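# Analysis of the macromolecular model
Take a look at the letters that make up each chain.
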Amino acid sequence: MVVFDRPHALCDIPLHYCPGCTHGIVHRLVAETIDELGIEGRTVGIAPVGCSVMAYDYFNCDMIEAAHGRAPAVATGVKRADPDNLVVFSYQGDGDLASIGTAETVHAAARNENITIIFINNAIYGMTGGQMAPTSLPGQVTQTSPYGRDVKACGYPVKICEMLSMLDGPEYLERVAVNNVKNVRAAKKAIKKAFTNQIEGKGFSLIEVISSCPTNWGMTPSDALKWVDEKMIPYYPLGVYKDRSAGIIPGKEEA
Amino acid sequence: MAEKVLMKGNEAIAEAAIIAGCRHYFGYPITPQTEIAAYMAKRMPKIGGVFLQAESEIAAINMVYGTSSAGKRVMTSSSSPGISLKSEGISYLAGADLPALVVNCQRGGPGLGGIQPSQSDYFQATRGGGHGDYHMIVLAPASVQEMAQLTIRGFELADEYRMTAMILADGTIGQMMEPVSFDFDILPQPEKPWAATGTQMKRTHNIINSLYLSPEVLEQKNIERFEKYDAICEKEALAEEYLTDDAEIVIAAFGIAARVAKNAVNAARAEGIKAGLIRPITLWPFPVKTFAKTIGKAKEIISVELSMGQMIEDVRLATECKVPVSLTKRVGGMIPSPEEVYAAIKAAAERAGE
């Protein structure tokens, strides 16, 4: 009896990600979700520019590669082309979504665009070799912050869930992590809810996934997962930042 | 005779797009083209279409990229500074072989420039505008009727060749009102089996993409795209010729400049000067063969432009520098008067007689 298999929505080819990178886990969670909801035939995914640029080769649904940061605008165009049928998700990293694509992210959220965004926050630009990201932690050493991120010179990290939760538009914002089994299970639940929301027409859902980058953090995979626990999660607290249908709206009492 | 309505050029573009089956418009306000957005905002919701005011020109062109990826006819419009912003997206459309219609209702530049008409985006339009080796089909209307007609043709060409078609208009033609008929024969929309419409679990996944990390593959992609461009140059170049058969002084002008030039040609003919006009309707592909006919016949070509001289380079190339070519221009939102163009013709005729 098969108890664990590759999801159908995930193509049967080797991924190019580095050892210990958590992209593979998140790809799997997205693919499992697509399988479980039975939506592969009507799903269109949008790949970003960044480490997951080649995600178009990894998902069995129709895929589109977008310009750097523009995935929410591309997703908007796809969704508006066939809103009753298509399920549209973008899969974006922190440089893509929280730096060059900030405007597209904010306005897709403000419009409550009925799309799903999987946002990988690993506090670094991976593809280009480890530069400071909008989400790099204060003091974090990267190729372009060799003495540590100096907040006086280059400002503070961008907290996307907190920022978007101030908008009236978005339906659902949750931050999760994939550094241990418990967190992976919670991440799966959140991702599935983000897709379900779209199918039910509830609108913009964004799941921020705190991820690790052992290669560019200069750590072993296990140390990187520890760093997620000890440094990333305290700065980026996990949890639901907005869930309109459940009455979780910042500034208002919970239902 | 079909009924004609009095309309602004920009509105004619919008109505023609709807007639062509376009149900998706994404734009961002900028003078002097905002009538297109306003018209779409009014009409699209009533016909089950989508009008969306994007957060920027960059977002708008990427929404176009998305809707085109999903196989639908789609357009955006802007004016010069906004087209610069869209150029990234236009390059991606080219790299992913996606059809789209982009309208540039030009204003003076560079920078923020002005809001009065200009033709100074000729280089940007005919050379592609963004990064990489690519072209757009560039159509240059000279009347409100042509704004409508070339919009429809633009959608047809974009779909046929899977590339961007640009309407390169200007603030004058966009804003002026003329009678226009919308009685058009429109080609049926082609099937788009390449589009990202969902696999329905019946085929392998379609991928819309412009990334090719293998230089061998990317080289081949470029070569194939340029074979398509060669076929377009052969088949789709279009120009209006006016009194060129015996013309010794030939004006080269497109859009609003051609309207002015035609008056000057008539004035020159009345004075016995053998003047004529070649009006490119497609700027890319450039009507090379039409201009080549002037070799050995014309004594001078005058390129009349609302720029510091951009199309003049293509005129020289098309005539292989075998005919003297001069420039008559106004820029920054100024338009040459028929008298100015007539004076240029007269001076050329005198030079030719010497």
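It should be emphasised that the depicted structure is a prediction, and the values quoted were computed from it without experimental measurement.

Attention shifts here to unusual backbone geometry. Most peptide bonds take the trans configuration, and most residues that are not glycine carry a negative phi. Residue and element names in this part refer to chain B. Following Thr31, the chain continues into Pro32 via a peptide bond in cis, with omega recorded as 5°. Cis geometry marks the peptide bond from Trp284 to Pro285, where omega comes out at 0°. Its location among the elements puts Pro285 in the loop between strand S13 (282-284) and helix H10 (288-292). Phi at Gln200 takes a positive value of approximately 55°, unusual for a residue other than glycine. In this fold, Gln200 is placed in the loop between strand S8 (177-181) and strand S9 (207-208). Even without being glycine, Glu320 reaches a positive phi, approximately 50°. In this structure, Glu320 sits in the loop between helix H11 (311-318) and strand S15 (325-329). Overall, the presence of 11 C-beta atoms within 10 Å leaves Glu320 in the exposed class.

The next thing to look at is the confidence of the model for chain B. Considering every residue of chain B, the mean pLDDT works out to 97; 100% of them sit at 70 or more. As a predicted assembly, this complex carries a pTM of 0.97 together with an ipTM value of 0.97.

Moving on to the packing of helix H3 (residues 57-69) of chain B against helix H4 (residues 80-95) of chain B. All names here are of chain B. One can describe the packing of H3 onto H4 by two numbers: an axis separation of 8 Å at closest approach and a directional angle of 25°. Here H4 runs roughly parallel to H3, going by the angle between their axes. Once H3 is placed against H4, the crossing between them reads as right-handed. Only Gly82, Leu85, Lys86, Glu88, Gly89, Ile90, Tyr92 and Leu93 of H4 make contact with H3, whose side of the interface consists of Glu57, Ile58, Ile61, Asn62, Val64, Tyr65 and Ser68. In terms of residue class, the contact of H3 with H4 is built from eight nonpolar, four polar and three charged.

Let us now look at the interface of chain A and chain B. In this assembly, 30 residues from chain A lie in contact with 34 residues from chain B. Listed by contribution, the elements that provide at least two residues to the side of chain A that touches chain B are strand S1 (43-47), strand S2 (62-65), helix H2 (71-81) and helix H4 (102-110) of chain A. For the side of chain A that touches chain B, the element with the most residues is H2 of chain A, which contributes eight residues. Its residues assigned to classes, the side of chain A that touches chain B shows 15 nonpolar, seven polar and eight charged. Relative to S9 of chain B, S2 of chain A runs parallel, the two being bridged by two bridges. By the bridge assignment for S9 of chain B, Met63 of chain A is matched with Ile207 of chain B.

Before going further, it helps to examine the sheet that holds S9 of chain B. On the basis of which strands lie adjacent, the open sheet formed by eight strands has the order S9(A)-S7(A)-S8(A)-S4(A)-S3(A)-S1(A)-S2(A)-S9(B) and mixed pairing. Of all the strands in the sheet, the pair left with one neighbour each is strand S9 (239-243) of chain A together with S9 of chain B. Here six bridges tie strand S7 (residues 172-177) of chain A to strand S8 (residues 205-210) of chain A, and the two strands are oriented parallel to one another. Residue pairing across strands places Ala177 of chain A opposite Ile210 of chain A, the latter belonging to S8 of chain A.

Another point: the sheet that holds strand S12 (residues 275-280) of chain B. Residues and elements named next belong to chain B. The sheet built from five strands is open, its strands ordered S10-S12-S11-S14-S15 with mixed pairing. A single partner strand is all that each edge strand has here, and the edge strands are strand S10 (239-242) and S15. Each strand of the sheet is rotated relative to its neighbour by a mean of 20°, with strand direction disregarded. Packed on one face of the sheet, helix H9 (residues 255-270) meets S10, strand S11 (249-252), S12 and strand S14 (300-305) and runs near 165° to S12. In this fold H11 packs onto S11, S14 and S15, with an angle of close to 155° to the strand it touches most, S14.

Here is what the cut-offs are and how they apply
Residues numbered from 1 in each chain as written. Chains lettered and ligands numbered in written order. Predicted model: local features only at pLDDT ≥ 70, side-chain atom pairs only at ≥ 80, totals over all residues. Helix = DSSP H or I, 4+ residues; strand = E, 2+ residues; numbered from the N terminus. Buried ≥ 20, exposed ≤ 12 C-beta atoms within 10 Å, placed from the backbone. pLDDT = per-residue confidence, 0-100. Axes fitted to C-alpha atoms, helices over the stretch in contact; angles between N-to-C directions. Parallel < 35°, antiparallel > 145°, perpendicular 65-115°, else oblique. Left-handed = near helix turned anticlockwise from the far one by under 90°. Contact = placed C-beta atoms within 7 Å. Nonpolar A, V, L, I, M, F, W, Y, C, P; charged D, E, K, R; others polar. Pairing = 2+ DSSP bridges.

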